[in-house]
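Now for the letters of each chain:
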Protein chains: 2
Amino acid sequence: MNQKAIGVFDSGIGGLTVYQALKDKMPDEKVVYLGDTARLPYGTKSAETIIRYSEENAAFLMGKKVKIIVIACNSSSSYALPHLQNKLDIPVIGVINPGAEAAVRGGAQKIGIIGTTATINSRAYEKTITRLKPGLKIVSRDCPLFVPLVEEGWLDHPVTRLVIGEYLLPLKNQGIEKLVLGCTHYPVLKKVISEVIGAGIELIDSAQTTTENVFSILTELDWLRNSGKRSADEFYATDFPERFQKIGEIFLKRKIVKVQAISF
Amino acid sequence: MNQKAIGVFDSGIGGLTVYQALKDKMPDEKVVYLGDTARLPYGTKSAETIIRYSEENAAFLMGKKVKIIVIACNSSSSYALPHLQNKLDIPVIGVINPGAEAAVRGGAQKIGIIGTTATINSRAYEKTITRLKPGLKIVSRDCPLFVPLVEEGWLDHPVTRLVIGEYLLPLKNQGIEKLVLGCTHYPVLKKVISEVIGAGIELIDSAQTTTENVFSILTELDWLRNSGKRSADEFYATDFPERFQKIGEIFLKRKIVKVQAISF
């Protein structure tokens, strides 16, 4: 198992924050990334459809002989995780549980959650946090402009600062102690969010918390890659690989050599 | 035919600007509106898929016995218009031709075109304008933040003004005389766009140009509604009718009484 790759899928490009966190933590691991860009967004689709798409994505990664699958998509993590865990004989982890676990750790009483409209309306983080630690105060807010701002590459732009203030200062004023970045695009804005709302609020970056989770599982199973020889990562997209490549470079702050188009 | 409704379909909510323009011009007409919100966006899908979805939308409207179909969606107008015109025995019109015709009218030499990334990449307006009047100078630019800004309801917000300046002042500096608002969401921002770039640039609102087109066709065929008795318009959405209702009210500046969910 050790030499096999880590498989990551997302409805699009956002999961590259998870990819980057995995590589920062485990630079020797090979990652195979699939962005289902042809069928995004998942958030507005029915549970059945999200499960079907997630199955197809997972089957593609299984074909690449991965040793673990990371669902770097909030909607798919909400709806398809238990299903894929039952179906596959390798570990499958999503982004919601690790984020929720980090939120309840320590003594914070008031947690903020931000995400896309679909994620916030699904109340996925809220439910998971409440299950882990009932009674916490939770304040949620959707931030629909963050994804297009990231995809524009306006990471440190006056517009982005204004929008962050508009969305997040009301949460700050309500006294949140932690803020869950409940969308895989948002870690790209972490620095500027911290600057606008102040360092007093702990930002929970689900890309990082998910990576910690992957690392513990691979360590426990003794499946970490143990050869010094690195293999190139692979990127696949179901539509517009050029767009994936262009926006992907905003996420990774480096060139992506090759994105391969696939279709289901 | 006179008493029958005008059918409008769009991939989502943006076509409500066309709906509103139709009602402003022909308040006695009944309109049946279908937003295919479950399957949006169309712009990132293949031509075959867009044609198939457009056929299903048109078939739904035909079932409502409409007398004319307006495709209030740029991607569907680009790819499915000739197909639906051949297939159906009632007039079908799209949003691109009327906008392009308005752009070439008069003596302007330099035309700006804005739209979503998918519309700009498709070069649909550019090709149509060049076919109508070869040799015009055309400057295009995608404005991916406009749709989420409209859907946030930030119609006269400092963020919106900043974004408009960032996107459109370079076009102004290149000396455009007209600007085609090549996305059905954009007419909602017409006033603030004009304030930011100045009244010297004529804005071409494809909702209005399309409405003029519908009006001429119905007048020529003598199909305009001739009874004073108005019937209530009908709104259908393929997913999340609540969201359609909420955002629709930003477009129409009034309550939408009822949005009915349908599925294909």
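Right above here is the structure, for reference.
With respect to the overall build of chain A
Each helix and strand counted, chain A has 11 helices and 10 strands in total. The C-alpha atoms of chain A give 18 Å as radius of gyration, which agrees with the globular expectation for 264 residues (18 Å, within 12%). The C-alpha extent of chain A, read off along each of the three principal axes, is 50 × 40 × 40 Å. The burial tally for chain A puts 56% of its 264 residues in the buried class. In chain A, of all internal contacts separated by at least 6 residues, the share reaching a separation of at least 24 is 74%. Just so you have it, chain A exposes about 10800 Å², and 51% of that area is on carbon and sulfur atoms. Of the side chains in chain A, 33 bear a positive and 28 a negative charge, and the two mean positions are spaced by 1 Å.

Some thoughts on helix H1 (residues 16-25) of chain A
Along H1 of chain A, 7 of the 10 residues are buried, which leaves the element largely enclosed by surrounding structure. Structurally, H1 of chain A contributes buried residues whose contacts are with strand S1 (6-10), strand S2 (31-35), strand S3 (68-71), helix H10 (206-221), strand S9 (234-237) and helix H11 (241-252) of chain A.

So, the relation of the copies chain A and chain B
Note on the identical chains: chain A maps onto chain B by a rotation of 180° and an axial translation of 0.0 Å, with an RMSD of 0.0 Å. Expressed as a symmetry operation, the mapping of one chain copy onto the other fits a two-fold axis. Looking at the rotation axis and the C-alpha trace of chain A, the residue lying nearest is valine 159 of chain A, at 2.9 Å. Both copies present the same face, since 100% of the interface residues in chain A are matched by interface residues at the equivalent positions in chain B.

Examining the interface of chain A and chain B
Counting residues at the interface gives 22 residues for chain A and 22 residues for chain B. Carbon and sulfur atoms make up 67% of the area that chain A and chain B hide from each other, which totals about 1800 Å². On inspection of chain A and its partner chain B, the count reaches 0 salt bridges. For the interface between chain A and chain B, the tally reads 4 residue pairs in polar contact (both at pLDDT 80 or more). Where the side of chain A that touches chain B is concerned, the elements lending two or more residues are helix H7 (146-152) and helix H8 (158-173) of chain A.

Here's the deal with the environment of proline 27 of chain B
Mapped onto the secondary structure, proline 27 of chain B falls in the loop between helix H1 (16-25) and strand S2 (31-35). As a C-alpha pair, proline 27 of chain B and serine 46 of chain B span 19 residues in sequence and 36 Å in three-dimensional space.

Describing empty space enclosed by the protein
All names here are of chain B. Scanning the entire structure with this criterion turns up 2 cavities of 30 Å³ or more. Empty space within the largest cavity amounts to approximately 40 Å³. Lining the largest cavity, in full, are Ile113, Thr119, Ile120, Arg123, Ala124, Tyr125, Glu126 and Ser140. Looking at the lining of the largest cavity element by element, the count peaks at 3 residues for helix H6 (residues 124-132). Considered class by class, the residues forming the lining of the largest cavity number 4 nonpolar, 2 polar and 2 charged. In this model, the second largest cavity occupies a volume close to 40 Å³.

A few points about the state of the cysteines
Residues and elements named next belong to chain A. Evaluation of the coordinates by the stated rule reveals 0 disulfides over all chains. Cysteine 183 provides the cysteine sulfur closest to cysteine 143, a residue in no disulfide bond, and the two sulfurs are 9.1 Å apart. For cysteine 143, a relative accessible area of 1% puts it in the buried group.

Description of the layout of surface pockets
Size it by volume and the second largest pocket reaches roughly 630 Å³. Among the elements of the structure, helix H2 (47-63) of chain A together with helix H2 (47-63) of chain B are those that each provide at least two residues to the lining of the second largest pocket. For the lining of the second largest pocket, the class distribution of residues is 5 nonpolar, 7 polar and 9 charged.

The rules behind the values
- What you see as residue numbers is a count from 1 along each chain, following the sequence as written.
- Each chain gets a letter, beginning with A, and each ligand a number, beginning with 1, in the order they are written.
- Residue-level local features of this predicted model are given only where pLDDT is at least 70; pairs of side-chain atoms are given and counted only at 80 or more, and the full residue set underlies all totals for whole chains, interfaces and linings.
- Working from all heavy atoms in the structure, the side-chain values ignore hydrogens and water.
- The helix and strand labels rest on DSSP assignments: H or I over at least four residues marks a helix, E over at least two residues marks a strand, and numbering proceeds from the N terminus.
- Radius of gyration here is computed from C-alpha atoms only, and the compact-globule reference equals 2.2 Å multiplied by the residue count raised to the power 0.38.
- Only protein chains enter the area calculation, which uses a 1.4 Å probe; residues under 20% of their type maximum are buried, those over 50% are exposed, and those in between are partly exposed.
- By definition in these notes, contact holds between two residues if any of their heavy atoms fall within 4.5 Å.
- A 1.4 Å probe and the Shrake-Rupley method give the accessible areas. Residues count as covered only by the protein chains that appear here.
- Note on charges: Lys and Arg go in the positive column, Asp and Glu in the negative column, and His and the chain ends are not counted at all.
- One atom stands in for each charge, and that atom is NZ of Lys, CZ of Arg, CG of Asp or CD of Glu.
- A least-squares fit on C-alpha atoms brings the copies together, and the residues used are those whose pLDDT is at least 70 in both copies.
- Summed over both partners, buried area is the accessible surface (1.4 Å probe) that two parts give up on being assembled.
- Salt bridges, as used here, are contacts in which a Lys or Arg side-chain nitrogen is within 4 Å of a carboxyl oxygen on Asp or Glu.
- Polar contact is defined as a pair of N or O atoms within 3.5 Å, subject to the rule that within protein one atom must be able to donate a hydrogen and the other to accept it, and that residues adjacent in sequence are counted only when both atoms are side-chain atoms.
- The way it works is a 1 Å grid over only the protein atoms, where trapped points that fit a 1.4 Å probe form a cavity and open points with protein on both sides within 12 Å along at least five of seven lines form a pocket, and then any residue with an atom within 4 Å of a point lines it.
- Grid points are joined across faces, edges and corners, and a volume is the space filled by probe spheres set on the points.
- Under the grouping applied here, Gly and all other residues not named as nonpolar or charged are polar, the nonpolar ones being Ala, Val, Leu, Ile, Met, Phe, Trp, Tyr, Cys and Pro and the charged ones Asp, Glu, Lys and Arg.
- Criterion for a disulfide: a pair of cysteine sulfur atoms within 2.5 Å.

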